[in-house]
There are 2 protein chains.
Amino acid sequence: MNETSRASERLVHVPLQGRAYDILIGPGLIERAGGEITSRLKGRRAAIVTDENVAPLYLEALMDSLQTDGIEAVSLTLPTGEKTKSLEHLSTVCDMVLSARIERNDAVIALGGGVIGDLAGFAAGIVRRGVRFVQIPTSLLAQVDSSVGGKTGINTRHGKNLLGVFHQPDLVLADTAALDTLSEREFRAGYAEVAKYGLIDQPDFFEWLEKNWKAVFSGEPERIEAIARSCQSKSDVVVEDERETGRRALLNLGHTFGHALEAAVEYDGKRLVHGEGVAIGMVLAYQFSARMNLASPDDASRVEAHLKAVGLPTRISDIPGELPPTQRLLDAIAQDKKVKSGKLTFILTHGIGQSFVADDVPSSEVLSFLDEKRSR
Amino acid sequence: MNETSRASERLVHVPLQGRAYDILIGPGLIERAGGEITSRLKGRRAAIVTDENVAPLYLEALMDSLQTDGIEAVSLTLPTGEKTKSLEHLSTVCDMVLSARIERNDAVIALGGGVIGDLAGFAAGIVRRGVRFVQIPTSLLAQVDSSVGGKTGINTRHGKNLLGVFHQPDLVLADTAALDTLSEREFRAGYAEVAKYGLIDQPDFFEWLEKNWKAVFSGEPERIEAIARSCQSKSDVVVEDERETGRRALLNLGHTFGHALEAAVEYDGKRLVHGEGVAIGMVLAYQFSARMNLASPDDASRVEAHLKAVGLPTRISDIPGELPPTQRLLDAIAQDKKVKSGKLTFILTHGIGQSFVADDVPSSEVLSFLDEKRSR
Ligand SMILES: NC(=O)c1ccc[n+]([C@@H]2O[C@H](COP(=O)([O-])OP(=O)(O)OC[C@H]3O[C@@H](n4cnc5c(N)ncnc54)[C@H](O)[C@@H]3O)[C@@H](O)[C@H]2O)c1
Ligand SMILES: NC(=O)c1ccc[n+]([C@@H]2O[C@H](COP(=O)([O-])OP(=O)(O)OC[C@H]3O[C@@H](n4cnc5c(N)ncnc54)[C@H](O)[C@@H]3O)[C@@H](O)[C@H]2O)c1
Ligand SMILES: [Zn+2]
Ligand SMILES: [Zn+2]
C-alpha cells in the first residue's frame, strides 16, 4: 500500500489466517479499483454483478478502471431489491460467471448494496468451489456490515439467508463518495447497523454517534471514521469467530426480531428495508431485556431516542400496512437460522454496549411481549 | 469406538483439524447406522437423500436403525443417474432439508452412489451455511472415492462439477455388503478408482491388485482391504491439501480425459459411466506420458492390460456410438476446472505409481494425440 498520501483514506486489515484481506475506505475507490485489484489478485478476468440503480451510476467508471489496468471484465445488471436474492438469480449469476470463464484466481466483483454482495458472494463461493471475490459495497449497510465477514446467501420460501456459504472476500473497496447518491432512507437503514456496533460492546462509540451523527450523515470526515470503526468492530468479531459458533452471534443484535418483521412484510422494501427492521429489532431487544429485568428501561429509551432522532422507525406500528398475527411472527423467529435444538436464541443486553447471547428464551414471553408492543 | 470385536471391520480416521471424522468400512453398517450416528452427532433429526435404485434395497433398513436410536428422519428419493446432479434437484433437496427443519447439528444423510453423495453434500454445505453430513456410500466408487474428502457438486451446461463447495462429512459408513447388489459394470467402474491409487503413488498396491483383483470382486476379505487402503490413500492426500492447491490434484489422474469423454457422450450412463471414463483416461494419461517420453510404453501397456483383464474399457473406441470431433473434446478439457490461466493442466506420470502434476501441456500435442488414439 502506497496510499499514505491519501489523507482521508482508511485501511482496515482483516487478519484471517491464510485468507487475510484489506478493506479500503475513502472517496474515489471505484475509479481506482483496477489498480487496487491487480496489486493484490493474480487473475486478469472479472465478472461484475450489479443492480439497476447502481449500474447507471458507477458501472462505467469501474469498467474503465479495470480496463486501464488490464482486467478483462463482463457485467450483469440485475433488478434491485431483496427478491433478487433468489435461487433463480443465483443460477443466472453462476451461468454468467462460467460463461466468462472465470477461473480460481479470477474475480467475481459485487458492485452494489448487500443484496448484490450476498448474491454475488454466494456465486463466487460455489463456482469451481470458490473463485476470488471483490466487494465494492455502495450502500452504507454494505460498507459497514454485509461486505465484511464472508457471509453470503439467498432467501428461500422458508426464510431469509437460509442458503449460503462462508466465502471471504479478497478485497473490499468501500467508496464513501458513492454514498452521496444513496437515498436518505437507505443511508438511515445502514446507520442502524453502525449504531449496532456501539450497542453490542462499545458504549463510547454509541455516545460518539449520539454527538456526531449529523456529520456522519452529511458526509464530513466523521462518515469515514464511523465506517472504519464499524468495519474494525466487525472484523474483530469475525476473526475471533469466523463460523459463528459463539461470539459472532452478537452481530445479530436486533436481527431475530428484524428478520421476523421483514418476513412479515414479505420482504417488501417499500414497507420495510433490512436496516429499518434491525432498528426496530434493536429497540425491541432492549425493551425485552428491560422487561426480563436484565437491563434498565432507561437504556431502552436512550436507544429508541437516538434511532428516532436519526429518522429510523423504532416501533412495530411504524411499519405501514397490516401485519400478520403475532404467532406467525414467532413462527418466523423459530424458523430463523439462529435456533438451536428448538430453543429460541436471542441477543439480549445488560445495557448500552453490554449485549450477550441468551440461549434459552421462553417463546411464551416473546409472544406476550410482541403482542403488547404491536398495539403501542 | 468399541467395534474391536468386529474383526472384519476397518476404521480410517481422517484427521482434519477441527473437523476430523471416521470412515467405517465393513458389512452391516447400514443396519447399525443409528448407533454410529448418535454416538458422534448431537442433533436428532436427519434428512436422507437417496435414489430409485438404492431406496428399495436399503432405505427401510436405514430408517429402522435411525428410529431405533431416536433419530427423526425423512427421506427423498431421486431419479438415478448423473443428470440428477443438477441445480433443479439441488433446489428440491434444499427445500426438503429446510422443510424437515434440519438445524446446524442435525444431519443430511446421503444413501447412494457418488451422484447422491455429491448432490446431498452440496445441499448440506449450503443449507444454513452448513449442516452436518453423513455419507453412506453404496457404490464402490463412492466408498473409495467420492464419499471421502469433502468435494461436493453439481453439473451445469458448461461442464461437470462446476458448482459446488468443500464440505467435509462428519461420518462415512461404507457398508461393504451393500456392494453385493451393485451391478458388475458399476463395480468395475468403481474399481478404476481403486487402481488409480496404485497408479498415483503406490506401485506395491497396484501390484497387489494385479494379483488379488478377483478376490476384491468376489467379496472376499480382500475387498475390505482394497477399500480401506483406498480410503487411507485419499485421506492422506486430502489432509495434506484439503482445498486442492497442490498435491490433491493427483487424484485427478485419468480425470481430465475422462471428464471430456463423459461430456462427449453427454453424461449418458448407458454409454459411459464415470469410472469407465477414468479407466480410459488413465490409460490415455500413461500413453500420452509415454509419447512425451516421460514414461515407458511398457508401463502404459501394463496399465491397459490390467484394466482390460478386469473388464474395463481402455480405449476411446470402446465407447459405443459416435463421438464429437476431437477439437470439441479438447474444448471440454479447456473448460474443465483444472485449468490455470489458460494453460492445460494434466496429471502425467513417470511410471507405475509415479504420477505428477504437469502444468504446461501444449494443447496441440493433446489434439494430435487424441486424434490418433480415436482411430485405434
Ligand atoms: N452478508 C452479511 O453479513 C449481511 C449483513 C447484513 C445484511 N446483509 C444483507 O444485505 C441486504 C441489505 O443490504 P442493502 O441495505 O445494501 O440493500 P440493497 O442492496 O437492496 O441496497 C439498497 C438500495 O440502495 C440502492 N443503492 C445501493 N447503492 C447505491 C448508491 N450508491 N446510490 C444509489 N442507490 C444505491 C440499491 O439499488 C437498493 O435499491 C439484505 O439482503 C441483508 O440480508 C448481509
Ligand atoms: N466428490 C468427489 O470427490 C467425487 C469423486 C469421484 C466421483 N464423484 C462423482 O461421483 C459420481 C459417480 O458416482 P457413482 O459411480 O457411485 O454413480 P451413481 O451414484 O450414479 O451410482 C451408480 C449406479 O449404481 C446404483 N447403485 C448405487 N449403489 C447401489 C447398490 N448398493 N446396489 C445397487 N445399485 C446401486 C445407482 O443407483 C446408480 O444407478 C459422479 O457424479 C462423479 O462426478 C465425486
Ligand atoms: Zn444486518
Ligand atoms: Zn473419479
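The residue numbering used here restarts from 1 in each chain and proceeds along that chain's sequence as written. Here every chain gets a letter starting at A, and every ligand a number starting at 1, in the order they are written. Note on the predicted model: pLDDT of at least 70 is required for a residue's local features to be given, and 80 or more for side-chain atom pairs to be given and counted; whole-chain, interface and lining totals, by contrast, use all residues. Hydrogens and water are ignored here; the side-chain numbers use all heavy atoms of the structure.

(A) Molecular detail of the UniProt feature "binding site: NAD(+)" (unreviewed entry) in chain A. Residues and elements named next belong to chain A. UniProt positions are given in the numbering used here, feature names are shortened, and annotations may be inferred rather than shown by experiment. As annotated in UniProt, the feature "binding site: NAD(+)" (unreviewed entry) corresponds to Gly114, Val115, Ile116, Gly117, Asp118, Thr138, Ser139, Lys151 and Lys160 in the numbering used here. Summarising the element assignment, Gly114 is placed in helix 4 (residues 114–126). The rule is simple: take the accessible area with a 1.4 Å probe, protein chains only, and divide by the maximum for that residue type; under 20% is buried, over 50% is exposed, in between is partly exposed. When its relative accessible area of 14% is taken as the criterion, Gly114 is described as buried. By the convention used here, residues are in contact when the closest approach between their heavy atoms is within 4.5 Å. Sequence-distant contacts of Gly114, that is, excluding residues within four places in its chain, are made with Ser139, Ala142 and Ser146. Note on conventions: DSSP H or I runs of at least 4 residues are helices, E runs of at least 2 residues are strands, and numbering of each starts at the N terminus. Of note, Ile116 is situated in helix 4. Sequence-distant contacts of Ile116, defined by excluding residues within four places in its chain, comprise Val49, Thr50, Asp51, Leu78, Ala110, Leu111 and Gly121.

(B) How the structure looks around the sheet that holds strand 2 (residues 21–26) of chain B. Residues and elements named next belong to chain B. Here, a strand pair is defined by DSSP locating no fewer than two bridges between the strands. Sheet architecture is open: seven strands sit in the order 1-2-9-6-5-3-4, paired in mixed fashion. The open sheet has two edge strands, strand 1 (10–14) and strand 4 (72–78), and neither has a second partner. Going across the sheet, the axis of each strand differs from the next one's by a mean of 15°, ignoring polarity. Inspection of the sheet shows strand 1 paired to strand 2 by five bridges, in the antiparallel sense. Directly across from His13, in strand 2, lies its bridge partner Asp22. Structural elements are reduced to axes, namely lines fitted to C-alpha atoms, with helices fitted over the stretch in contact, and the angle between N-to-C directions of any two is expressed from 0 to 180 degrees. Each of strand 3 (45–51), strand 4, strand 5 (107–112) and strand 6 (132–137) touches helix 2 (residues 55–68); the most contacted strand, strand 3, lies at about 170° to it. Against the sheet, helix 8 (residues 221–240) engages strand 1 and strand 2, with an angle of about 5° to strand 1.

(C) Looking closely at the domain arrangement of chain A. Residue and element names in this part refer to chain A. Structurally, chain A comprises domain 1 (3–182) and domain 2 (200–374). Between the C-alpha centres of domain 1 and domain 2 the distance comes to 26 Å. Contact residues are listed per partner, giving 33 residues for domain 1 and 25 residues for domain 2. A quick way to say it: buried area is the sum, across both parts, of accessible area lost when two parts are put together, with a 1.4 Å probe. Summing both partners gives a buried area of about 2,600 Å² for domain 1 against domain 2, and 61% of it is carried by carbon and sulfur. For domain 1, the biggest contributors to the area lost against domain 2 are Lys151, Lys160 and Phe166; these three give 22% of the whole. Any Lys or Arg side-chain nitrogen located within 4 Å of an Asp or Glu carboxyl oxygen qualifies as a salt bridge. Counting every contact that joins domain 1 to domain 2 gives four salt bridges. For Glu225, the salt bridge goes to Arg10, with nearest N and O atoms at 2.8 Å. A 3.5 Å cut-off defines polar contacts: any pair of N or O atoms within that distance qualifies, except that in protein one atom must be a possible hydrogen donor and the other a possible acceptor, and neighbouring residues in sequence count only when both atoms are side-chain atoms. Linking domain 1 with domain 2 are seven residue pairs in polar contact (both at pLDDT 80 or more), by the criterion used here. Among the secondary structure elements, those contributing two or more residues to the side of domain 1 that touches domain 2 are strand 1 (10–14), strand 2 (21–26), helix 5 (140–146) and strand 8 (159–163). The element that contributes the greatest number of residues to the side of domain 1 that touches domain 2 is helix 5, accounting for six residues. Residues were grouped as follows: Ala, Val, Leu, Ile, Met, Phe, Trp, Tyr, Cys and Pro as nonpolar; Asp, Glu, Lys and Arg as charged; and all remaining residues, including Gly, as polar. Along the lines of polarity and charge, the residues of the side of domain 1 that touches domain 2 split into 14 nonpolar, eleven polar and eight charged. Each domain's extent is set by a domain assignment, obtained either automatically or from a database.

(D) The arrangement of the sheet that holds strand 3 (residues 45–51) of chain A in detail. All names here are of chain A. As summarised here, the arrangement of the seven strands in space is 1-2-9-6-5-3-4, forming an open sheet in which the pairing is mixed. Because the sheet does not close on itself, it has two edges, and the strands there are strand 1 and strand 4 (72–78). Strand-to-strand twist in this sheet, taken as the mean axis angle between neighbours without regard to direction, amounts to 15°. Where strand 2 lies against strand 9 (residues 171–175), five bridges are found, and the strand directions are parallel. Note on strand 9: the bridge partner recorded for Gly26 is Asp175. Against the sheet, helix 4 engages strand 3, strand 4, strand 5 (107–112) and strand 6 (132–137), with an angle of about 170° to strand 5.

(E) Just the site of ligand 1, in detail. All names here are of chain A. Being near a molecule or strand, for a residue, comes down to having at least one heavy atom within 4 Å of it. Around ligand 1, 26 residues are found, and the nearest of them are Asp51, Glu82, Gly114, Thr138 and Ser139. Here an oxygen atom of ligand 1 and a side-chain polar atom of Glu82 are 2.7 Å apart. Asp118 places a polar side-chain atom, nitrogen or oxygen, 2.9 Å from a nitrogen atom of ligand 1. Protein contact buries 91% of the 860 Å² of open area that ligand 1 shows by itself. To measure how exposed things are, a 1.4 Å probe is used in the Shrake-Rupley method; for residues, cover is taken only from the protein chains shown.

(F) Region of interest: the packing of aromatic side chains. In this scheme Phe, Tyr and Trp rings, the latter by its six-membered ring, pair at centre separations within 6.5 Å, and the angle between planes marks the pair as stacked below 30 degrees, edge-to-face above 60, and tilted otherwise. Scanning the model with the defined rule gives 18 aromatic pairs over all chains in all. Their ring planes at 50° and their centres at 4.9 Å tell us that Phe257 of chain B and Phe346 of chain B sit as a pair that is tilted. Of the two residues, Phe257 of chain B is situated in helix 9 (residues 255–264) and Phe346 of chain B in strand 11 (residues 343–349); the sequence distance between them amounts to 89 residues. Comparing Phe257 of chain B with Phe346 of chain B shows no difference in burial state: the two are buried. The rings of Phe187, Tyr191, Trp213 and Phe217 of chain A are connected pair by pair, giving a single aromatic cluster. Charges are assigned to positions over rings by a cutoff of 6 Å between ring centre and Lys NZ or Arg CZ, combined with an angular limit of 35 degrees from the ring normal. In this structure, Arg129 of chain A packs its charged tip against the face of Phe166 of chain B, placed 5.9 Å from the ring centre. In this structure, Lys196 of chain B is placed above the aromatic ring of Tyr197 of chain B, and the distance from its NZ or CZ to the ring centre is 5.5 Å.

(G) Region of the structure containing the UniProt feature "domain: 3-dehydroquinate synthase N-terminal" (unreviewed entry) in chain A. The UniProt feature table records "domain: 3-dehydroquinate synthase N-terminal" (unreviewed entry) at residues 76–188 of chain A. Strand forms 25% of residues 76–188 of chain A and helix 34%; the C-alpha atoms that close the span are 28 Å apart.

(H) A look at the relation of the copies chain B and chain A. Least-squares superposition of the copies uses the C-alpha atoms of those residues scoring a pLDDT of at least 70 in each of them. Expressed as a screw transformation, the operator carrying chain B onto chain A has a rotation angle of 180° and an axial translation of 0.0 Å, and the superposed copies differ by an RMSD of 0.0 Å. A rotation of that kind, with that shift, is consistent with a two-fold axis. Taking the C-alpha atom as reference, chain B places Val165 of chain B closest to the rotation axis, 4.1 Å from it. Mapped onto chain A, 100% of the interface residues of chain B again fall at the interface, so both copies present the same surface.

(I) Inspection of the coordination of the zinc ion (ligand 4) at higher detail. Residue and element names in this part refer to chain B. Metal donors: N, O and S atoms at distances within 2.8 Å, or within 3.2 Å for Na, K and Ca, with water omitted from the atom set so that some sites may seem incomplete. Looking at the metal site, the zinc ion (ligand 4) is ligated by Glu193 (OE), His255 (NE2) and His274 (NE2), spaced 2.0 to 2.2 Å from it. We note that the donor set of the zinc ion (ligand 4) lies within a single chain, spaced as E-x61-H-x18-H. With Glu193 in helix 6 (residues 184–201) and His255 in helix 9, this residue pair connects regions lying 62 residues apart in the sequence. Residue classification places Glu193 among the buried residues on the basis of a relative accessible area of 0%.

(J) Looking closely at the interface of chain B and chain A. Of the residues lining the interface, 36 residues belong to chain B; the matching set on chain A comes to 36 residues. Carbon and sulfur atoms make up 47% of the area that chain B and chain A hide from each other, which totals about 3,200 Å². Here chain B and chain A share two salt bridges between them. Of the charged contacts in the structure, one is a salt bridge between Arg157 of chain A and Asp95 of chain B, with a shortest N-O distance of 2.8 Å.

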